[in-house]
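Report on the structure
Chain residues, written in single-letter form:
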Amino acid sequence: MQRVPVTQEPYNAETPRDALLEDTTPVGVHFVRNHFSVPRLDASTWRLRIGGSVARPREVSYEELLAMPAKELVVAMECAGNGRTRMSPQPPGTPWGELAVACARFRGVPFCDLVSACGVEPGTVEFVFSGADEGEAHGEHLRYERSLSVERALHEDTLVVTHMDGAPLVPEHGAPVRLLVPGWYGVASVKWLLEARAVTRSFVGFYQAQHYVYRQTRGMREGPVTTMRVKAMVAEPAPGTSVRVGERVTLRGRAWSGDAAIARVEVSDDEGRTWHLAQLETAPSPYAWRAWSFDWQARSPGRAELLVRATDEAGHTQPLDAPWNALGYGYNAAQRIEIQAS
Ligand SMILES: Nc1nc2c(c(=O)[nH]1)N[C@H]1C(S)=C(S)[C@@H](COP(=O)(O)O)O[C@H]1N2
Ligand SMILES: [Mo]
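All values derive from a computational prediction rather than experimental measurement. Numbering of residues begins from 1 in every chain and follows the order in which that chain's sequence is written. Here chains are named by letter from A upward and ligands by number from 1 upward, in the order in which they appear as written. Under the rules for a predicted model, residues below a pLDDT of 70 receive no local features and side-chain atom pairs below 80 are neither given nor counted, while totals for whole chains, interfaces and linings still include all residues. No hydrogens and no water enter the side-chain calculation; it runs on all heavy atoms of the structure.

1. A word on the site of ligand 1
If a single non-hydrogen atom of a residue is within 4 Å of a molecule or strand, that residue counts as near it. Lining the immediate environment of ligand 1, one finds 21 residues, of which Phe31, His35, Asp133, His173 and Lys191 sit closest. Think of a polar contact as two N or O atoms within 3.5 Å of one another; within protein, one of them needs to be a possible hydrogen donor and the other a possible acceptor, and neighboring residues in sequence only count if both atoms come from side chains. In this structure, an oxygen atom belonging to ligand 1 sits 2.6 Å away from a main-chain N or O atom of Phe31. Between ligand 1 and Asp133, the relevant distance is 2.6 Å, taken from a nitrogen atom to a side-chain nitrogen or oxygen of the residue. Accessible areas in this description were obtained via Shrake-Rupley with a 1.4 Å probe; residue shielding takes into account the shown protein chains only. Relative to its unbound accessible surface of 530 Å², ligand 1 loses 100% to contact with the protein. Partitioning the shell around ligand 1 into residue classes produces 9 nonpolar, 7 polar and 5 charged. Charged means Asp, Glu, Lys or Arg here, nonpolar means Ala, Val, Leu, Ile, Met, Phe, Trp, Tyr, Cys or Pro, and polar covers whatever is left, Gly included.

2. What to know about the pattern of salt bridges
By convention in these notes, a salt bridge is any Lys or Arg side-chain nitrogen within 4 Å of a carboxyl oxygen on Asp or Glu. A complete count under the given rule lists 21 salt bridges for this structure. Its salt-bridge partner being Arg309, residue Glu266 comes within 2.9 Å of it at the nearest N-O pair. Residue Glu266 is found in strand 18 (residues 262-268), and its partner Arg309 is found in strand 22 (residues 302-312); the two are separated by 43 residues along the sequence. The pair formed by Glu266 and Arg309 is uniform in burial state, with each residue classed as buried. Helix numbering and strand numbering both begin at the N terminus, where a helix is a DSSP run of H or I of at least 4 residues and a strand a DSSP run of E of at least 2. When a residue's accessible area, from a 1.4 Å probe over protein chains only, is under 20% of the maximum for its type it is buried; when over 50% it is exposed; and in between it is partly exposed.

3. Digging into the sheet that holds strand 20 (residues 279-280)
Whether two strands pair depends on DSSP finding at least two bridges between them. Taken together, 4 strands build an open sheet; the order of strands is 15-17-21-20 and the sheet is antiparallel. On the outer flanks of this sheet lie strand 15 (231-236) and strand 20, each paired with one strand and no other. Bridge count for strand 20 against strand 21 (residues 290-297) is 2 bridges, and the pairing is antiparallel. In the strand pairing of strand 21, Leu280 is matched with Trp292.

4. Re the sheet that holds strand 4 (residues 58-61)
Judged by pairing direction, the sheet is mixed, and its 5 strands sit side by side in the order 4-3-12-7-8 without closing on themselves. Looking along the sheet, the strands with just one partner apiece sit at the ends: strand 4 and strand 8 (140-149). Strand-to-strand twist in this sheet, taken as the mean axis angle between neighbours without regard to direction, amounts to 25°. Of the pairings in the sheet, the one linking strand 3 (residues 47-52) to strand 4 comprises 4 bridges and is antiparallel in character. By the bridge assignment for strand 4, Leu48 is matched with Val60. Angular values range over 0 to 180 degrees, each being the angle between N-to-C directions of two axes fitted as lines to C-alpha atoms, with helices fitted over their stretch in contact.

5. A word on the packing of aromatic side chains
The geometry of two aromatic rings is summed up by the distance between their centres and the angle between their planes. In this analysis, rings of Phe, Tyr and Trp, with Trp reduced to its six-membered ring, are considered paired at centre separations within 6.5 Å, and the interplanar angle assigns stacked below 30 degrees, edge-to-face beyond 60, and tilted for intermediate values. Across all of its chains, the model carries 9 aromatic pairs by this definition. Between the aromatic rings of Phe36 and Tyr207, the centroid separation amounts to 6.3 Å while the plane-to-plane angle is 85°, which identifies the pairing as edge-to-face. Taken together, the residues Phe36 in the loop between strand 2 (12-14) and strand 3 and Tyr207 in helix 4 (residues 206-210) connect sequence positions 171 residues apart. In this structure, Phe36 and Tyr207 share a single accessibility class: buried.

6. Some remarks on the environment of Glu64
Mapped onto the elements, Glu64 comes out in helix 1 (residues 62-67). Under the relative-accessibility criterion, Glu64 is labelled partly exposed at 40%. On a C-alpha basis, the gap between Glu64 and Arg47 in space is 9.7 Å, while along the polypeptide they are 17 residues apart. Within the local environment of Glu64, its side chain forms a polar contact with the backbone nitrogen of Ser61, the two atoms lying 2.7 Å apart.

7. Quick notes on unusual backbone geometry
Of note, the amide linkage connecting Ser88 to Pro89 takes the cis form, showing an omega dihedral of -5°. Relative to the helices and strands, Pro89 resides in the loop between strand 5 (71-78) and strand 6 (101-110). The residue after Ala175, namely Pro176, is reached through a cis peptide bond having omega 5°. On the secondary structure map, Pro176 appears in the loop between strand 10 (167-168) and strand 11 (178-180). In the Ramachandran plot, Asp165 falls in the positive-phi region, its phi being about 55° despite a non-glycine side chain. The residue Asp165 is located in the loop between strand 9 (159-164) and strand 10 in this model. Of note in the backbone geometry, Tyr212 takes a positive phi value of approximately 60° without being a glycine.

8. Quick notes on the pairing of strand 6
For strand 6, a buried count of 8 out of 10 residues is recorded, marking the element as mostly surrounded by other parts of the structure. When strand 5 meets strand 6, the two strands line up antiparallel, connected through 8 bridges. Across the sheet, residue Val74 finds its bridge partner in strand 6, namely Arg105. Judged from the 5 bridges that link them, strand 6 and strand 9 form a sheet pairing that is antiparallel. Bridge assignment links Gly108 to a residue of strand 9, and that residue is Val161.

Remember that the coordinates give geometry; whether it matters functionally is a separate question.
Right under this line is the structure:
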């Protein structure tokens, strides 16, 4: 298995489809999403500066971080722009197919444990997290920075991550340290983390207020991209598979939602008039993706089109049509799988 490159510089690449057959994605094939060149940081001199509107700013070294009690979480992460090329007209931005998504085991220290001794000042509304990557983009000099509300930043599962799949982070995934915001589109999980700054006004940086915002939506809420919309993806059969009439084909894949647990996955072979329940495997953990499968048989020769959709416990179901918006985020239309029967 290998990643499928989308752009070379900055390096952006998708997860191979077969990875959707596994509970966790090996680090080397987990999709990569970069806005700039990958910074090479030295863990021995790295520091996380915590400052801004706090009574006692501090710096944390890599060794200090490793010595703190850590938490392991298996987390599905999807890029908000995943599926953009399926939208019509196609919005500007990195031309992702449908596999800018993966699921990995991360280890890190809850951010709240790092700030608990800093004395967050009253009036603080957000924390701004800064990455080490910067460069010219969109006609200005930009640094990758994102903010989170105090509540979301101090959530017990917002982690300052050092390890992925049991090994220290590799450069593409944010070495030596990245943020992880489980359940949210990947944009919130700032890689090459250098600073967390408490602020008393909402942050309006480029990647917060200009990009990663739902604009000109058709029938959906506008505003910043946050949690991952419910989605199921097919790993097998591969697109364009041929079968014999009456032969059983098993569809297999993974489903996830950033809002709630997956409640069901359904398949339709009649353009969505009737839906049949797929079998769900037990959920490995709350933030992980969940395996599903469905047995299907072609009743007549010709081209069949199967639709797959997931629903979460909060009642969100994938729509049949793409939820179009100007910058191409949050695509989660039911996947269509073509099968030739003869
Ligand atoms: N510093 C920094 N953090 C970043 C990014 C970036 O370009 N720079 N990209 C974000 C986006 S849009 C996504 S989807 C995830 C992807 O994480 P991965 O490359 O480890 O899969 O990282 C996020 N964190
Ligand atoms: Mo992303």
